[in-house]
Amino acid sequence: MTNSAQPPQAGRPTANAMRRALRRARDGVALDVSEAAVLLQARGGDLDDLTASAARVRDAGLEAAGRPGVITYSKSVFIPLTRLCRDKCHYCTFATVPGRLRRDGHGMFMSPDEVLEVARRGAAMGCKEALITLGDKPEDRWPEAREWLEAEGYDDTIAYVRAISIRILEETGLLPHLNPGVMTWTDFQRLKPVAPSMGMMLETTSERLWSEPGQPHYGSPDKEPAVRLRVLEDAGRSSVPFTSGLLIGIGETYEERADSLFALRRVARSYHGVQELIIQNFRAKPDTAMRGMPDAEIDDLVATIAVARHIMGPSGNIQAPPNLIAGEYERLIGAGIDDWGGVSPVTIDHVNPEKPWPQVEELAERSAGAGFRLAERLCVYPEFVRRGEPWLDPRLLPHLRALADPETGLARPDAVVEGHPWQEPDEGYVASSGRTDLHATIDTTGRTSDRRDDFDEVYGDWETLREQAAPGMVPSRIDGDVRAALKQAADDPTKLTDDEALALLHADGPALDALCAVADDIRKTVNGDDVTYIVTRNINFTNVCYTGCRFCAFAQRRTDADAYTLSLDQVADRAEQAWDVGAVEVCMQGGIHPDLPGSAYFDIARAVKERVPGMHVHAFSPMEVVNGATRTGLSIREWLTAAKEAGLGSIPGTAAEILDDEVRWILTKGKLPTATWIEVIKTAHELGIRSSSTMMYGHVDQPRHWLGHFRTLAAIQRETGGFTEFVTLPFIHTNAPVYLAGIARPGPTTRDNRAVTAMARVLLHPHIPNIQTSWVKLGQEGAAEMLRSGANDLGGTLMEETISRMAGSSYGSYRSVEDLVAIADAAGRPAKPRTTLYGEVPEERQRAAAASDGQLPELLPLAD
């Protein structure tokens, strides 16, 4: 923005509009964007009226939180890890260039010794937070930054942030609060184990301020509003306590500012993870493009705080930096803040170096003058300290417990700030615990209840989710010519257009019958008449999981009645039992257990291979791969390489659900995004680790999503050739949280199942030759029907199956070879055993399976 440019503003609101908006605020009625924009312009007596009602909202929230009359702050040190940045914000003096750093005698990054020297000084003075701030992705713009990272052995800036955070925890006891700018979902997984909280200012949702030349964010890729909102959402999905907020007075209109506040509220309500909003006023600085712009006025700041309080409600935490308010402490407290943010007795504010922090004693005195007691908090807010998992990684709990009051969640005044080891819980695989017989008793006594008792909190805000899901569930109007599409599918399915494919995905009646016949003809050409199956055992080694998938009825907390974790011996025992009755494969997946170290997956694979060397280990979904990689600090490629060395043979292509983030973020709270799933699968294939591919359908999806999913899988297969099969996974709705909340459909119809199976055959031809149907989800008759609709594979005997049964599937956990042969016979086809990679099964394995067929319940007793 040029020095003379001013934001385009509409005229002042009318007196009637202001009176109406103030009345609604006083009465506690929800405001809309236009009313908030009016209130942002309140001045004089109107502003006094607005702040009085905002203060009442704040006071009610503090009362409910158990800290009435308390205003908080964090005693911190400010660590500018690097001042290099790829962005070019027109108001910023924090970011600099390599030449200036060299002239001033600094490196491209602070060295570990420099960081720890600051942190140790802070610990000696009772600080408990290390605020680590840095520019966005400096290595993408500055070769000098890349060279420094490579010389020090770091793949990227995030790797250095993670490493230095661990050293701060271990050597000083300070808690890192990380501000590395724009982060990906994977970055959050890498950093969550080393920092109890993170942050990034939204600043504004104004696209105009980013896209138009001369505006403050022009030329700064990381300041695109959609990108920053995605970061806030990924933080929520990852259960990271997150700080955000607005920078006011940079040229935004009141309507744009109001829109920004409502965007923040939407994220806060969706994920319950926004721990505070900072309302920061713009201060012009010399040597910047915006040096001639006027500072944001104090009345503007006060009004924005008050409006933010009304929008965020009593449970929101709102902060104003005390060094930027020209001594107007009482006015800001009166407007509804409940926090002063980080205050350092050691370091300056490196973003606003011209504005010194107030002394804590002065802050306490000025707060007391307004009727509030000043109390120290940690970098993570007390609400999250008390919530614990999944918001706090187990590896951080010893560090937090050393500093936090267990009752209030605030900082303990008498806490000794000293380093503690940062390590995996128990330094190894966890012991057996809980309901380890669930794989059998799920078919007899069943699950304890249909939902967890934290149902209303753990998955996010159901009402907000319902609003998000509604547009995606609207069926599309299909005007395509089904007859022409059927002809194209029969002649050359590889040339089907998207419109033709969508027409077929919506087919019903005689058209659907014709489509299934086309698919079955393709199947016969590719696979012949043999219906393949595999003698396998599912081993779900734990159902403890805090990811928060809304479709999953399998996940439990440690303390839930149905929770369990198998020991390594129990896993190996089950694999050995399976081998004894003819199995050639174990399929192993589990929940994302917070106490399992990232190396636990290697231990599981190794335990099976050591006990049963000939068993193929088909294990670990892409979500588990990412979890293992982030917990060990390895890259995905390094982790998969180590898993392969430990005995991993192939991976299941589960955790795919629908490869469309529009749908994924309704179905899952914290699971990996589409791009990361694809990265894991491609990397596995490149390493010679083959995988299946899957699609779960019939929930909040539509045929257009199925089409996109099929196209994505086909593209991956053309590139890697690593998929062994495609598995249809009909959504089991009965106990699924997203269904119990009234959002998802009750699973797919028979029409849906036939259309998906047939179109999988058509659209994945000739790339993925095997199409598998699921007897555990469809039953015997349903599976036979899918064999007549293009499928050629029945999957496995399973021997135990917990995930679908916990969701409410009524088709049991085991099918004998004889049962699977009967399903094939019902479809008029012969059955044939196979290996994981669709090879021939050795005669010895076939004889072992035949000798024990139908006797598995007796031959597979529960492991002790």
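Residues numbered from 1 in each chain as written. Predicted model: local features only at pLDDT ≥ 70, side-chain atom pairs only at ≥ 80, totals over all residues. Heavy atoms only, no water.

**Here we look at the overall build of the chain**
- Along the backbone of the chain there are 36 helices and 21 strands.
- Taken against the 2.2 N^0.38 rule, which gives 29 Å for 864 residues, the C-alpha radius of gyration of the chain at 29 Å falls within 12% of a compact globule.
- Pairs at least 24 apart in sequence give 78% of the contacts found in the chain among residues at least 6 apart.
- Counting every atom, the chain has about 30900 Å² of accessible surface; 50% of that belongs to carbon and sulfur. (Helix = DSSP H or I, 4+ residues; strand = E, 2+ residues; numbered from the N terminus. Rg over C-alpha atoms; globule rule 2.2 N^0.38 Å. Contact = heavy atoms within 4.5 Å. Areas by Shrake-Rupley, 256 points an atom, 1.4 Å probe, with all protein chains shown as cover.)

**Things to note about helix H26 (residues 636-646)**
- When H26 is considered as a whole, its buried residues turn out to be Ile 636, Trp 639, Leu 640, Ala 642, Ala 643 and Ala 646. With its buried residues spanning 160 degrees around the axis, H26 presents them on a single face.
- On the buried face of H26, the contacting elements are helix H24 (600-611), helix H25 (622-632), strand S16 (648-651) and helix H28 (674-686).
- Where H26 ends, the next residue or the one after it, Gly 647, has phi of about 125 degrees, a positive value. (Buried < 20%, exposed > 50% of the residue type's maximum accessible area, 1.4 Å probe, protein only. Arc of directions from axis to C-beta.)

**Examining the packing of helix H11 (residues 254-271) against helix H12 (residues 298-312)**
- Where H11 meets H12, the closest approach of the two axes is 10 Å, and the angle between their N-to-C directions is 35 degrees. The interaxial crossing formed by H11 with H12 has right-handed handedness. Note on element contacts: H12 touches H11 through Asp 300, Thr 304, Val 307, Ala 308, Ile 311 and Met 312, opposite Tyr 254, Arg 257, Leu 261, Phe 262, Leu 264, Arg 265 and Ala 268.
- The class makeup of the residues in the contact of H11 with H12 is 9 nonpolar, 1 polar and 3 charged. (Axes fitted to C-alpha atoms, helices over the stretch in contact; angles between N-to-C directions. Left-handed = near helix turned anticlockwise from the far one by under 90°. Nonpolar A, V, L, I, M, F, W, Y, C, P; charged D, E, K, R; others polar.)

**Here's the deal with helix H21 (residues 498-505)**
- Of the residues making up H21, those classed as buried are Ala 501, Leu 502, Ala 503, Leu 504 and Leu 505.
- As for H21, its buried residues are in contact with helix H20 (482-491), helix H22 (509-527), helix H29 (703-720) and helix H31 (750-763).

**Let's talk about the confidence of the model for the chain**
- The predicted model of the chain has a mean per-residue pLDDT of 90, with 90% of residues at 70 or higher.
- The model gives residues 1-5 a pLDDT under 50, and that stretch makes 17 contacts with residues more than four places away or in other chains.
- Note that pLDDT drops below 50 for residues 857-864; the model gives that stretch 14 contacts with residues more than four away or on any other chain. (pLDDT = per-residue confidence, 0-100.)

**Considerations on the packing of aromatic side chains**
- Per the counting criterion, the structure on display carries 15 aromatic pairs.
- Taking the centre distance of 6.3 Å and the plane angle of 75 degrees together, the rings of Phe 541 and Tyr 601 count as edge-to-face. Within this pair, whereas Phe 541 is found in the loop between strand S12 (536-540) and strand S13 (564-565), its partner Tyr 601 is found in helix H24, the two being separated by 60 residues in sequence.
- Take Tyr 601: its relative accessible area is 2%, and that puts it in the buried class. (Phe/Tyr/Trp six-rings, centres within 6.5 Å; stacked < 30°, edge-to-face > 60°.)

**Some remarks on the environment of Gln 41**
- Counting through the fold element by element, Gln 41 comes out in the loop between helix H2 (33-39) and helix H3 (45-65).
- Looking at Gln 41, the relative accessible area reads 6%, which means it is buried.
- Placed 122 residues apart in sequence, Gln 41 and Ala 163 show a C-alpha to C-alpha distance of 46 Å.
- Beyond its immediate sequence surroundings of up to four residues, Gln 41 is in contact with Gly 11, Arg 12, Pro 13, Met 18 and Tyr 254.

**Digging into the side chain of Asp 338**
- The topology assignment puts Asp 338 in the loop between helix H13 (329-335) and strand S8 (339-343).
- A distance of 2.8 Å separates the side chain of Asp 338 from the backbone nitrogen of Ile 318, its partner in a polar contact.
- For Asp 338, the residues in contact, after removing those within four places along its chain, are Arg 58, Leu 62, Val 70, Ile 71, Thr 72, Arg 309, Gly 316, Asn 317 and Ile 318. (Polar contact = N/O pair within 3.5 Å; in protein donor to acceptor, adjacent residues only side chain to side chain.)

**Quick notes on the pattern of salt bridges**
- Counting across every chain of the model gives 52 salt bridges.
- Across the pair Asp 338 and Arg 309 runs a salt bridge, and its minimum N-O distance is 3.5 Å. Taken together, the positions of Asp 338 in the loop between H13 and S8 and Arg 309 in helix H12 put the pair 29 residues apart, joining distant regions of the chain. As far as burial versus exposure is concerned, Asp 338 and Arg 309 are alike and both buried.
- Notably, a salt bridge pairs Lys 495 with Asp 492, separated by 4.0 Å at the nearest N-O pair.
- Among the charged side chains, a salt-bridge network with shared partners connects Arg 230, Glu 233, Asp 234, Arg 237 and Arg 266. (Salt bridge = Lys/Arg side-chain N within 4 Å of Asp/Glu carboxyl O.)

**Some remarks on the packing of H22 against H31**
- Running from N to C, H22 and H31 point in directions that differ by 40 degrees, and their axes come no closer than 9 Å. By the angle class used here, H22 and H31 are oblique. Note that H22 runs across H31; the crossing there is left-handed. Residue-level inspection shows Leu 512, Asp 513, Leu 515, Cys 516, Ala 519, Ile 522, Arg 523, Val 526 and Asn 527 of H22 in contact with H31, the latter providing Arg 751, Arg 754, Ala 755, Ala 758, Met 759, Arg 761 and Val 762.
- Split by residue class, the contact of H22 with H31 holds 10 nonpolar, 1 polar and 5 charged. (Parallel < 35°, antiparallel > 145°, perpendicular 65-115°, else oblique.)

**Some thoughts on the state of the cysteines**
- What the rule picks out here adds up to 0 disulfides.
- In this structure Cys 92 is not part of a disulfide, and its nearest cysteine sulfur, from Cys 89, lies 6.1 Å away.
- Accessibility expressed as a relative area gives 28% for Cys 92, which makes it partly exposed. (Disulfide = S-S within 2.5 Å.)

**So, the nonpolar core**
- Membership of the largest hydrophobic core comes to 125 residues, with the highest contact counts inside it found for Met 588, Trp 677, Phe 710 and Met 759.
- Setting aside its immediate chain neighbours within four residues, Met 759 contacts Leu 496, Ala 501, Leu 504, Leu 505, Leu 515, Phe 710 and Leu 764.
- Counting residues in each nonpolar core, the second largest holds 124 residues, with Ile 132, Ile 168, Val 267 and Val 385 among its members. (Core = buried A, V, L, I, M, F, W, Y, C linked by side-chain atoms within 4.5 Å.)

**With respect to the environment of Phe 602**
- With respect to the secondary-structure elements, Phe 602 resides in helix H24.
- Taking the relative accessible area as the measure of exposure, Phe 602 reaches 9% and is therefore buried.
- With 40 residues separating them along the chain, Phe 602 and Ala 642 place their C-alpha atoms 7.4 Å apart.

**Looking at unusual backbone geometry**
- A cis amide bond links Glu 389 to the next residue, Pro 390, at an omega of 5 degrees.
- Structurally, Pro 390 is set in the loop between helix H15 (382-387) and helix H16 (397-401).
- Looking along the chain, the bond that leaves His 765 and enters Pro 766 is cis, with omega of 0 degrees.
- In this fold, Pro 766 is placed in the loop between H31 and strand S19 (771-772).
- The phi dihedral of Lys 137 falls on the positive side, at around 35 degrees, and the residue is not glycine.

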